[in-house]
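Okay, here's what each chain looks like letter by letter:
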Amino acid sequence: MGMDGYRDTFESWEAVGGGAVGGYSMNAMFADGGLQTDYELSNINSVSMTPNGKYAIVGQSQGPPQIWDAVNGQLVSSMQGTSANCSKVALACSGTLLVGLASDGIDAQPNVLQIWDVNTGKPVQLTHQIKCATFTLSNNSNNLIMTGNQKYGRGISVGILDLNNSELTKEIKSDTNQSYGSTPSFITLTPDERYAIVGCPTSSNSTNYVVFDLTTQQELVQPPTITLESDPKCSIVLNNDQMLTGTKTGQLVLWDIPTCQRLSTLNDNGQNAHRDRITDLKLSPDRTCFVSTSADGTGKVWDTNTKEIISKLNGHKREVN
């Protein structure tokens, strides 16, 4: 079957030996350069930060995840067990659990859900193996909302897993006669957690965004969809009803989440928001503004309510991502 609260990623990992040996050093990552110890890690698949910025959670290609102190660069805890290709790591349940996706030794894709007790480092034993393509956490981080393809790759489903007791509390499936593209690679929630928006890349270089109403009592649904020429992850939820997507042609498309209908296209003096593809969108924690970055070498800050430009970030010689 994304992880919004833990998505911020360090960009300053230093590769040992130019990155050729597959190890990474932590000592250049933190500010004052006073650290004397290097910690060697196997190839890193993912790094995420806790919301308070104090801890970095590292998923490795070989071996279970680790938790590092982002202030002094010290290893805090290393999870136990065998893992490979561990990705999409996130702290859950007020920091007591660590969740992530890993491969099972048969399928190289990291699609097996693994959960660890942070205090002991031991894996949490599930009653059965759970596979998913990607996931996100609820606001209180007690529930895991996951998505993936149904059997034979047709149709997609969204499941809600209660992490406190490892119980699947709800599963919603789309019509298996409907294909939405490739395996889902993106999922996010509206602030009220009513809607889950799933992004599926297509063979035509676009994304099908599929909206699931998590309050429905039906198990089989025909969810509304919208197709946009964008990277699946190049979207942000502005509020309970509106989603913003940055396209590969430089447009910022505002659309209605419940109906998947286009509402408007943001512009800069009558022109597209950017002159080249949009590489990323980020929403401020208070949701009052957002930033769009582009291959045109600019970043722009927008007012969430008025959809007008607040400022332009110029001066980059290459694409901003």
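Residues numbered from 1 in each chain as written. Predicted model: local features only at pLDDT ≥ 70, side-chain atom pairs only at ≥ 80, totals over all residues. Heavy atoms only, no water.

(A) Layout of the environment of Leu244. As for its position among the elements, Leu244 is in strand S20 (residues 242-246). Along the backbone, Leu244 and Ile257 are 13 residues apart, and their C-alpha atoms lie at a distance of 9.6 Å. (Helix = DSSP H or I, 4+ residues; strand = E, 2+ residues; numbered from the N terminus.)

(B) Highlighting the pattern of salt bridges. Taken as a whole, this structure holds six salt bridges when the rule is applied. Across the salt bridge formed by Lys312 and Asp268, the nearest N and O atoms sit 3.0 Å from each other. Here the residue Lys312 occupies a position in strand S27 (residues 309-313), and Asp268 occupies one in strand S22 (residues 261-268), the gap between them amounting to 44 residues. Classification of Lys312 by relative accessible area gives partly exposed; the value is 41%. The salt bridge partner of Glu319 is Arg277, with a shortest N-O separation of 2.7 Å. Highlighted residues: Glu319 in the segment after S27 and Arg277 in the loop between strand S23 (271-272) and strand S24 (278-283), separated in sequence by 42 residues. (Salt bridge = Lys/Arg side-chain N within 4 Å of Asp/Glu carboxyl O. Buried < 20%, exposed > 50% of the residue type's maximum accessible area, 1.4 Å probe, protein only.)

(C) How the structure looks around unusual backbone geometry. In this structure, Cys93 is a non-glycine residue whose phi angle is positive, near 50°. Note on placement: Cys93 falls in the loop between strand S7 (87-92) and strand S8 (97-102). Its identity is not glycine, yet Ser166 carries a phi of approximately 55°, on the positive side. Relative to the assigned elements, Ser166 resides in the loop between strand S12 (156-162) and strand S13 (167-174). Ser166 sits in the partly exposed class, given a relative accessible area of 25%.

(D) Main features of the confidence of the model for the protein chain. When pLDDT is averaged across the protein chain, the result is 84; 85% of the residues are at 70 or more. Below a pLDDT of 50 lies the segment residues 1-39, which in the model reaches 104 contacts outside its immediate sequence neighbourhood of four places, other chains included. (pLDDT = per-residue confidence, 0-100. Contact = heavy atoms within 4.5 Å.)

(E) Quick peek at the sheet that holds strand S25 (residues 289-294). Pairing is antiparallel in the open sheet, where four strands are placed in the order S24-S25-S26-S27. Because the sheet does not close on itself, it has two edges, and the strands there are S24 and S27. Between one strand and the next, the sheet's axes are offset by a mean angle of 15°, whatever the strand orientation. The pairing of strand S26 (residues 299-303) with S27 spans four bridges and is antiparallel. Looking across to S27, one finds that Gly299 is bridged to Leu313. (Pairing = 2+ DSSP bridges. Axes fitted to C-alpha atoms, helices over the stretch in contact; angles between N-to-C directions.)

(F) Looking closely at the sheet that holds S13. Spatially, S10-S11-S12-S13-S17 is the arrangement adopted by the five strands of the open sheet, whose pairing is mixed. Sheet topology places strand S10 (134-137) and strand S17 (220-221) at the edges, where each strand pairs with a single neighbour. Where S12 meets S13, six bridges bridge the pair, whose relative direction is antiparallel. Note on S13: the bridge partner recorded for Leu161 is Leu168.

(G) Structural context of the packing of aromatic side chains. This model, assessed by the stated rule, comprises three aromatic pairs. Ring plane angle 90° and centroid distance 6.4 Å describe the contact between Phe186 and Tyr209, whose orientation is recorded as edge-to-face. Of the two residues, Phe186 sits in strand S14 (residues 186-189) while Tyr209 sits in strand S16 (residues 207-213), which places them 23 residues apart along the sequence. By relative accessible area, Tyr209 is classed as buried at 0%. Ring centres of Tyr209 and Trp255 lie 5.7 Å apart, and the angle between their planes is 40°; on these two criteria the pair is classed as tilted. With Tyr209 in strand S16 and Trp255 in strand S21 (residues 252-256), this pair connects stretches of sequence that are 46 residues apart. (Phe/Tyr/Trp six-rings, centres within 6.5 Å; stacked < 30°, edge-to-face > 60°.)

(H) Examining the nonpolar core more closely. Counting residues in hydrophobic clusters, the biggest one holds 16 residues, and the most contacted among them are Leu144, Leu161 and Leu163. Taken together, the elements giving at least two residues each to this core come down to S7, S8, strand S9 (112-117), S10 and strand S11 (143-149). The biggest single contributor to this core is S8, with three residues. In terms of nonpolar packing, the next biggest core, distinct from the first, is built from 15 residues, Ile156, Ile160, Leu189 and Val210 among them. (Core = buried A, V, L, I, M, F, W, Y, C linked by side-chain atoms within 4.5 Å.)

(I) Quick look at the pairing of S16. A large share of S16 lies buried, amounting to six of its seven residues. Turn length for the strand S15 (residues 195-201)-S16 hairpin, with the two strands adjacent in sequence and antiparallel, is five residues, and the turn residue Asn205 shows positive phi of about 70°. For S16 and strand S18 (residues 225-228), the ladder comprises four bridges, and the chain directions are antiparallel. Among the inter-strand pairings, Asn208 is bridged to a residue of S18, identified as Thr227.

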